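So the chains spell out like this:
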Amino acid sequence: MVKVRLKGLKKYFERVKAVNDINLEIRPGEFVVLLGPSGCGKTTLLRCVSGLERVTAGRVFFDNDDMTYLSPKDRNISMVFQNYAIWPHMTVNDNIAFPLRVKKYPQKEIEKRVNWAAELLGIDSLLDRYPTQLSGGQRQRVAVARAIVMEPKVLLMDEPLSNLDALLRVRMRTEIKKLQENLKVTTIYVTHDQVEAMTMGDRIAVLKQGILQQLGSSDEIYHNPVNTFVAGFIGSPQMNFIEVEILSQNKVLYLRAKGLVIPLLDKFKDRVSKLSDKRNYILGIRPEHIYITGRAQTDQVASTKGKVYFVELLRSDTVIHLEKEFGFLVVKTAGDLKVKEDKELEVLFDLLRIHLFDKDTGKAIF
Amino acid sequence: MEKQRIPIILKIKQMVTIIIAGLIVIWFLTPLVLITISAFALPEDYYQIEKVIPTHFTINQFKALFFELEAWKAILTSIKVAGLTMLLSFVIGLPAGYALSRYIFPGKNFLKLLCLATRMFPLMVLAIPLLIIFMKIGVSDTIWGVALAHTAMVLPMIILISSSILSSISVDYEEAAMIFGLSRIQAFFRITLQLALPGLAASAIFAFIISWNEVFVATILTLTNRTLPAHILSTAMASPDYYKFTAGFIMAIPAMVFIFFVRKHLVTMWGISLK
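Note that the structure is a prediction, hence the values are computed from the model and not measured. (Residues numbered from 1 in each chain as written. Chains lettered and ligands numbered in written order. Predicted model: local features only at pLDDT ≥ 70, side-chain atom pairs only at ≥ 80, totals over all residues.)

With respect to the pairing of strand β1 (residues 4-13) of chain A
Residues and elements named next belong to chain A.
Point 1. One ladder, built from 5 bridges, connects β1 with strand β4 (residues 57-62); its direction is antiparallel. For arginine 5, the partnering residue across the bridge sits in β4 and is phenylalanine 61.
Point 2. Sheet topology note: the β1/strand β2 (residues 16-26) ladder contains 8 bridges and is antiparallel. Residue pairing for β2: leucine 6 is matched across the bridge by leucine 24.
Point 3. Counted between consecutive antiparallel strands, the loop separating β1 from β2 contains 2 residues, among which glutamate 14 sits at a positive phi close to 50 degrees. (Pairing = 2+ DSSP bridges. Helix = DSSP H or I, 4+ residues; strand = E, 2+ residues; numbered from the N terminus.)

Details of the interface of chain A and chain B
Point 1. Contact residues are listed per partner, giving 17 residues for chain A and 13 residues for chain B.
Point 2. Contributing elements (two or more residues each) for the side of chain A that touches chain B: β6 (77-80) and α2 (92-102) of chain A. (Contact = placed C-beta atoms within 7 Å.)

Points about the sheet that holds β6 of chain A
Residues and elements named next belong to chain A.
Point 1. With mixed pairing, 6 strands are arranged side by side in an open sheet as β6-β7-β8-β3-β9-β10. Two strands in the sheet have a free side with no partner beyond their single neighbour: β6 and β10 (211-216). The average angle at which neighbouring strand axes cross in this sheet is 20 degrees, direction not considered.
Point 2. Where strand β7 (residues 154-158) lies against strand β8 (residues 186-191), 5 bridges are found, and the strand directions are parallel. Across the sheet, residue valine 154 finds its bridge partner in β8, namely threonine 186. (Axes fitted to C-alpha atoms, helices over the stretch in contact; angles between N-to-C directions.)

Quick word on helix α6 (residues 123-137) of chain B
Residues and elements named next belong to chain B.
Point 1. Counted at 1.5 Å a residue, the expected span for α6 with its 15 residues is 21 Å, and the 20 Å between its end C-alpha atoms agrees.
Point 2. If you look at α6, its biggest bend is around 25 degrees, right at proline 129.
Point 3. The first or second residue beyond α6 is glycine 138, which carries a positive phi of 100 degrees. (Expected span 1.5 Å × (residues − 1). Bend = angle between axes of the 7 residues up to and from the residue.)

With respect to the domain arrangement of chain A
Residue and element names in this part refer to chain A.
Point 1. Segmentation of chain A into domains returns domain 1 (4-233) and domain 2 (240-358).
Point 2. Taken over C-alpha atoms, the centre of domain 1 sits 39 Å from the centre of domain 2.
Point 3. Contacts between domain 1 and domain 2 engage 4 residues on the former and 5 residues on the latter.
Point 4. Each residue belonging to the side of domain 1 that touches domain 2 can be placed in one class, and the counts come to 1 nonpolar, 3 polar and no charged. (Domains from an automatic or database assignment. Nonpolar A, V, L, I, M, F, W, Y, C, P; charged D, E, K, R; others polar.)

See below:
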């Protein structure tokens, strides 16, 4: 189990700063997910760690060894590619055995390991087939088997599930995570799918335009996002963002928008009273933290009314788009609720679950 | 089991297709068949105007051209030259093709255009000056000289074709090989080249054939070490008419036999798979 440390990592392509000063430490045996939208630099970062891309500046350490300028083959790593990259002119057996053959392992050892990896991934019956004779899911398993057969120091995965159909993706998510837990290999996993990130990662690194936004567990990322980007990227449907200003009345602080007044609980008072600027803030609240009257999960609520604009009956949940003076409010509630459009609805804000962001910087105040 | 009746209109379409295909085959095969038959015809039959197809045959002309006039030597020379051309154009062209397909560098598009531009140059203009240069270096009238000239002709095409073939092989395969223990060069030879081999083999055959058929430069650049086309030009053209069929036969048959054996690879180059 190896610790991975990225120090001041930069990768520039001409004028494009794909990776812009990343500092990151991954614990031994940890499963870290690099999450972000397309073009945020997550794949480039992974390729820098693998050595397929040469860094512009910064260093890559495995434990205390400087890997920065080593070629990929000398880093003792494995990678699962998005398109699997299993060699079409070799059988499944030869594909999996390849890393071992290159390192000149004895034949008996190679056979043993290949069979172990194939059984683990459930492809031991496919060893004599060629990749063109396999389904997408089977090819992906071959790619994973090939990656683990050598027991690498670090396992890298570049969106390995994105080419699979939805059902298979869900199943493979569990399998890969379980596999990693058993093998205890330090893993870096790249994805743009926040569900994958939340379910698989021990910690998640959210990236935007080459800059690390937040590194934390799924709990931290979800409940304490450091800025509007992270808050908006995680969680579906997206968090509600409402422009507000701070109001003070009778020693009570309020957040006010058109058609909405929210009192601030005492626990937030300190942070807010220190703020000099009273305007230019954004209130954030997740759809699942706005309740329908009678279904509140706490008694610390503030109510507001709006007209139902649109209803999404997912059956597992119901998502209601409420028309307000400041815009739309998205509310998520249990699937048994049925609401009609154009009806006036009263909803309750969970006051413990609100977030406040600075409008200009996007940074979270709480 | 009842067989489904195919409607008449489809049957007619089938027949028409067969007839057209048959006509095309006849169009292409007739000259070959005529040449082959006439190659072995007795001169008397050849000169008899009424007889379209000769009835008496001899192998005298063939023996004369092949052995006495040493056509067999010319065939060997052609093989050597074409082989050398194939080798040289690949040793130089393949790395260039790799660079063009895998890297981005200034002047890349210019280089590609340059390759195409050389094809536009009229060969006639170059042949004599080339001979003079070759004489000065001392490679005129040698196999090496002709091979060099042919390589120059074929190289731009090999560069462009191999660059396009290598581009079709996903760089992922190479990168995976690099992750799992090979250096870039090793990855190229053990993975990319293996995958590109069918297409590259086809283009190698292409280079061979172009060199084999090339008559103009080969004639100008050689006097004693003649390739087959050059040889035929000087010997058969100077012989009585009926020798020309024999000469045509000697020229066409080796090439046809060669292509027959490698036809699978040629078709691969154009993207169709032949079982």
